Amino acid sequence: YFYKRYGIEDEGHLIEKVLSIDYSDRQRLDDMAGSLGLNLEHYLNEHQPYLSSFQIEELIKMGFTIGAHSIDHPRFQALEEAEQLRQVKDSLTFIKDRFNLDYAVFSFPFTDDNLKKSLFEKMEKLVDLSFGTAGLKRDSISFNFQRIPMESDESGSSIIRAEYAYFCWKKWLNK
């Protein structure tokens, strides 16, 4: 029934269809899960893939800096600037209020690549630091630093060595 309802031929087609759902149409994911009898809230409670507030508080007590990462993890490039700014503001407000922080740090989900300078100009009043994922490089925005994406099958040390070698190569080329 489910496959027929959503025009899906087989499991491979299902995966393609799910992965192709755009952020603006994200409600379809909840609809699909409901049609399959999946209880996402139960799954999240059972498996706890995210840090709990208690765990975050413990990290803060240990000296870790905690920051915001958006309201619902969108690709910022797909959003209008007003929504980008709302994602930054609201997530910062929540994190700062919830954990009584006296600093504001924001890390872009996915990447900050191709975001307009005007967004960063508005963010400058809101954040102490922000982070993108362009690897080792100097950023033209003074408060925005690039981090190394670690979502790979490679080991952490391999990723860092490769990023450092690439950084040195670009520096040698004056880039």
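Residues numbered from 1 in each chain as written. Predicted model: local features only at pLDDT ≥ 70, side-chain atom pairs only at ≥ 80, totals over all residues. Heavy atoms only, no water.

This part takes up the sheet that holds strand E3 (residues 144-146). Judged by pairing direction, the sheet is parallel, and its three strands sit side by side in the order E1-E2-E3 without closing on themselves. The open sheet has two free edges, formed respectively by strand E1 (105-107) and E3, since each of these has just one partner strand. Taking the axes of each pair of neighbouring strands and ignoring which way they run, one obtains an average angle of 20 degrees across the sheet. Where strand E2 (residues 129-132) meets E3, three bridges bridge the pair, whose relative direction is parallel. Residue pairing in the sheet places Ser-130 in a bridge with Asn-144 of E3. (Pairing = 2+ DSSP bridges. Helix = DSSP H or I, 4+ residues; strand = E, 2+ residues; numbered from the N terminus. Axes fitted to C-alpha atoms, helices over the stretch in contact; angles between N-to-C directions.)

This paragraph deals with the layout of surface pockets. Of the volumes computed, that of the largest pocket is approximately 940 Å³. What lines the largest pocket is a set of 23 residues, and nearest its centre among them are Tyr-50, Leu-51, His-69, Ser-70 and Ile-71. Elements with a minimum of two residues in the lining of the largest pocket: helix H4 (40-47), helix H5 (53-61) and helix H6 (81-99). Among the elements that take part in the lining of the largest pocket, H6 stands out by supplying five residues, more than any other. Considering only residue class, the lining of the largest pocket consists of 13 nonpolar, seven polar and three charged. As a volume, the second largest pocket reaches approximately 380 Å³. Taken together, Val-18, Leu-19, Ile-21, Asp-22, Tyr-23, Arg-26, Gln-27, Leu-29, Asp-30 and Asp-72 form the lining of the second largest pocket. Counting only elements with at least two residues in the lining of the second largest pocket, the list comes to helix H2 (11-19) and helix H3 (27-35). (1 Å grid on protein atoms, 1.4 Å probe; cavity = no way out; pocket = protein on both sides within 12 Å on 5 of 7 lines; lining within 4 Å. Points joined across faces, edges and corners; volume = space filled by probe spheres on them. Nonpolar A, V, L, I, M, F, W, Y, C, P; charged D, E, K, R; others polar.)

We now examine the pattern of salt bridges. Tallied over the full model, the rule gives seven salt bridges. Arg-26 is the partner of Asp-72 in a salt bridge, and the nearest nitrogen-oxygen pair spans 3.5 Å. Of this pair, Asp-72 sits in the loop between H5 and H6 while Arg-26 sits in the loop between H2 and H3, and the two are 46 residues apart along the sequence. Since its relative accessible area comes to 39%, Arg-26 is described here as partly exposed. Counted as one network, the salt bridges with shared partners bring together Glu-83, Arg-86 and Asp-90. (Salt bridge = Lys/Arg side-chain N within 4 Å of Asp/Glu carboxyl O. Buried < 20%, exposed > 50% of the residue type's maximum accessible area, 1.4 Å probe, protein only.)

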